[in-house]
Amino acid sequence: MKLVANNIDHIGIAVNDIDQVIKFYTDVLGLELQGMETLPEHGVRVAIIKTDRHKIELMEPLTKESPLAKFIEKRGEGLHHLGLKVIDVSKAITEFQDKGITLIDRVPRPGVGKNRIAFVHPRESKVLLELVETANDGNNTPKPRSTKKH
Ligand code: ZN
């Protein structure tokens, strides 16, 4: 079964202060800020930066209790996760479970831009993975939403 649709969707970087760090990406690297989003259920504020094919997500903790704040406290700012594009996040979760892979999310949850996401524990991959089923994927191959089971 083909799990990954188009390999890497984005790279997630943990930062203490988006407004301070973003200047490097926009002013120095000359990349385009696609948008900002606050995700209270994840305890983060996110800046989405466009590159040629992929995106960079700068993530800032909303509160000191945010899991991201705890991550930065322990590991420092820097690479947080790798976002992988999947065709169907629910199917991917089942597939990973069947293969004995450790998952953080056993049910999909909403991510940036109405995407459906699930995090996979870094135990096997050595980096936190975010499976991303894009609400409207960038390949210009719109997926009929009606095929989804509820
Ligand atoms: Zn992400």
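Here is what the cut-offs are and how they apply
- Residues numbered from 1 in each chain as written.
- Predicted model: local features only at pLDDT ≥ 70, side-chain atom pairs only at ≥ 80, totals over all residues.
- Helix = DSSP H or I, 4+ residues; strand = E, 2+ residues; numbered from the N terminus.
- Buried ≥ 20, exposed ≤ 12 C-beta atoms within 10 Å, placed from the backbone.
- Contact = placed C-beta atoms within 7 Å.
- pLDDT = per-residue confidence, 0-100.

Scanning the protein for helices and strands turns up four helices and eight strands. Residue burial in the protein is summarised as follows: out of 150 residues, 29% are buried. Taking the contacts inside the protein whose residues are at least 6 apart along the sequence as the reference set, 53% of them involve residues at least 24 apart.

What follows is about the environment of Leu 128. Structurally, Leu 128 is set in the loop between helix H4 (122–125) and strand E8 (129–133). With 17 C-beta atoms packed within 10 Å, Leu 128 lands in the partly exposed category. It is 9.6 Å that separates the C-alpha atoms of Leu 128 and Gly 12, two residues lying 116 residues apart in sequence. If sequence neighbours within four positions are ignored, Leu 128 has contacts with His 80, His 81, Phe 119 and Pro 122.

When pLDDT drops low, the exact placement of atoms in the prediction is not to be read closely. Here the protein averages 89 in pLDDT, and 86% of its residues register 70 or above. No element of the protein has a lower mean pLDDT than strand E1 (residues 4–14), which averages 86, and none a higher one than strand E4 (residues 55–61), which averages 98. Between residues 137–150, whose pLDDT stays under 50, and residues either more than four places distant or in other chains, the model counts five contacts.

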